[in-house]
Amino acid sequence: MNKERTMTILITGANGFIGKYLCLTLLQQGHEVQALIRSKSSLNQLTGFLQQQGATMERFSALEGDLEKPDLGLVALPDRIECLVHLAARFAWNLPEQEARHTNVTGSLRVAELARQLRCRLVFISGFMLANTGHLSRLGINRSHPEQTDWSRVYRRAGGYEASKLESAFRLREFVARQGMDAVEVQPATVAGHGLTGELDPAQPLYGLLENLYHGRLAMIPGSPEHWLPLIPVDSLAQVIAAACVANHVPDTLLALDQNTPNLAALLQAAAHSLGKPAPRRHLPIGMMKALLTIPGLPGLLKVAPESLAFIQTCRFDTTVTERFLAQQQVTLPPFRQYLQSSCRHYLESEAGTGKLTTHGA
Ligand SMILES: NC(=O)c1ccc[n+]([C@@H]2O[C@H](COP(=O)([O-])OP(=O)(O)OC[C@H]3O[C@@H](n4cnc5c(N)ncnc54)[C@H](OP(=O)(O)O)[C@@H]3O)[C@@H](O)[C@H]2O)c1
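Throughout this document, residue positions are counted from 1 along each chain, in the order its sequence is written. Whole-chain, interface and lining totals are the exception, using all residues; otherwise, since this is a predicted model, local features are given only for residues with pLDDT of at least 70 and side-chain atom pairs are given and counted only at 80 or more. The side-chain figures draw on all heavy atoms in the structure; neither hydrogens nor water molecules are used.

As recorded in an unreviewed UniProt entry, the chain goes by NAD-dependent dehydratase and comes from Marinobacter nauticus.

So, in structure tokens, the structure goes:
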């Protein structure tokens, strides 16, 4: 199914957590990778990682670019690009609307415009909440006429990061449809560590959850027994995105989500076991938790951003189309327990290195 020749693929956000594993996967598959990077230090980190992993650096190059600049700050159109993967985003809680929109919406439209000029496939990364139609309706998003959505209201309800990801997905869909472009939207679940090594960036939401569990800040399970936080290991996600770049026929949308992720209670129990800590047993309704988090100082004390709770939800997703495509591409996910355990092990190792773990810890 894959194109037999090697391809040249441009990646925004190439030095991010997902991006660096995507670069590695594509280089390992023999493709040429161009990374759009905005600083020398980010480039050094990325090349250091790729070299450490034994990647073939002759097929890697970088160009300077910034989502926040007109034309992405590019002085000329890059050469020979056959696919553009758009991963770059401001990924943080409590982002003001204007900042989030500036980078994640306007910046994304600049990337789409570049793909149009290059006449190449655009693979853009949204998020699994785009497949939660009940959530979109509750936020007031008009799915059949997105242009009629009061986006400022969505920003107030969902927070800057999530709202900008939702808005950018709808605007990108409209742009690629209007321009008749070849485009694929990848909707990842919350990213877990590497299936084998468990490597997980400390800025990733799952790392924060493990940290809260380890330090006893998660005394109760948010939500009900029906609530879950779907996961996808970072290396599997990189393979999904790579397949979206190189396969001849790709569905318009790929929902990258491990259906074997258990409910949140079982996830926390398995993680607590790996961390050598007690698991919370009693549930706290999400609404009550949100209300508690309005108490000044509490989100900081508990290290929980209220907007992050939206990802813990009860919606079940249909991944049939994605699973059929991934089977054709011979992409398989590792077992849930394996990558969760690896992520926990990596958490313990990296925190031990910083001296932040308690001496009676695991
Ligand atoms: N991780 C998850 O759980 C998850 C789940 C669903 C969807 N996603 C989506 O997947 C994508 C990548 O996520 P990630 O976890 O890899 O995030 P990440 O580690 O925070 O990486 C973000 C990347 O975006 C780049 N970036 C930010 N602002 C930029 C700008 N103005 N111009 C150019 N590049 C800029 C960053 O570069 P610098 O180093 O220069 O800042 C970095 O390379 C995002 O679109 C995110 O919304 C992530």
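*Asks:* What is the right way to read the overall build of the chain from this model?
*Replies:* In this description a helix means any DSSP run of H or I spanning at least four residues, a strand means any run of E spanning at least two, and both kinds are numbered starting from the N terminus. Within the chain one finds 13 helices and eleven strands. Taken against the 2.2 N^0.38 rule, which gives 21 Å for 362 residues, the C-alpha radius of gyration of the chain at 20 Å falls within 12% of a compact globule. Across its three principal directions, the C-alpha atoms of the chain cover 55 × 50 × 40 Å. Each residue is assigned to one of three classes by its accessible area relative to the maximum for its type, calculated with a 1.4 Å probe on protein chains only: buried under 20%, partly exposed between the two thresholds, exposed over 50%. Residues counted as buried form 56% of the 362 residues belonging to the chain. Atoms considered for the radius of gyration are the C-alpha atoms alone. The globule rule reads 2.2 Å times the number of residues to the power 0.38.

*Asks:* Is there a simple way to explain the packing of helix α7 (residues 205-214) against helix α13 (residues 336-354) in this structure?
*Replies:* Between two packed helices, both the angle of their axes relative to each other and the distance between the axes serve to describe the pair. Where α7 meets α13, the axes come as close as 11 Å, and the angle between the chain directions of the two elements is 70°. Relative to α13, the element α7 is oriented roughly perpendicular. Two secondary-structure elements touch here, α7 through Y207, L210, E211 and Y214 and α13 through S343, C344, Y347, L348, S350 and E351. Across the contact of α7 with α13, the residue classes tally to six nonpolar, two polar and two charged. Axes, fitted as lines to C-alpha atoms, cover a helix only where it is in contact. Angles between the N-to-C directions of the axes lie from 0 to 180 degrees. Oblique is the label for every angle not falling under 35 degrees (roughly parallel), over 145 degrees (roughly antiparallel), or within 65 to 115 degrees (roughly perpendicular). In this description, contact between two residues means that some pair of their heavy atoms is separated by no more than 4.5 Å. Polarity classes work like this: nonpolar for Ala, Val, Leu, Ile, Met, Phe, Trp, Tyr, Cys and Pro, charged for Asp, Glu, Lys and Arg, and polar for all others, with Gly in that last group.

*Asks:* Mind showing me how you'd approach the site of the ligand here?
*Replies:* Any residue with at least one heavy atom within 4 Å of a molecule or strand is counted as near it. The environment of the ligand is formed by 24 residues, the closest being N15, L87, Y161, K165 and Q204. As used in this structure description, the phrase polar contact means that two N or O atoms lie within 3.5 Å; if the pair is within protein, one of them must be able to donate a hydrogen and the other to accept it, and residues adjacent in sequence are counted only when both atoms belong to side chains. At a separation of 3.2 Å, an oxygen atom of the ligand approaches a polar backbone atom of A89. At 2.9 Å from an oxygen atom of the ligand is found a main-chain nitrogen or oxygen belonging to V191. In the complex, 87% of the free accessible area of the ligand, which totals 900 Å², lies under the protein chains. At the level of elements, α1 (17-28), α6 (160-179) and β7 (190-192) are the ones that each hand at least two residues to the shell around the ligand. Along the lines of polarity and charge, the residues of the shell around the ligand split into twelve nonpolar, eight polar and four charged. Under the convention used here, a 1.4 Å probe and the Shrake-Rupley method define accessible areas, while residue burial counts only the protein chains that appear.

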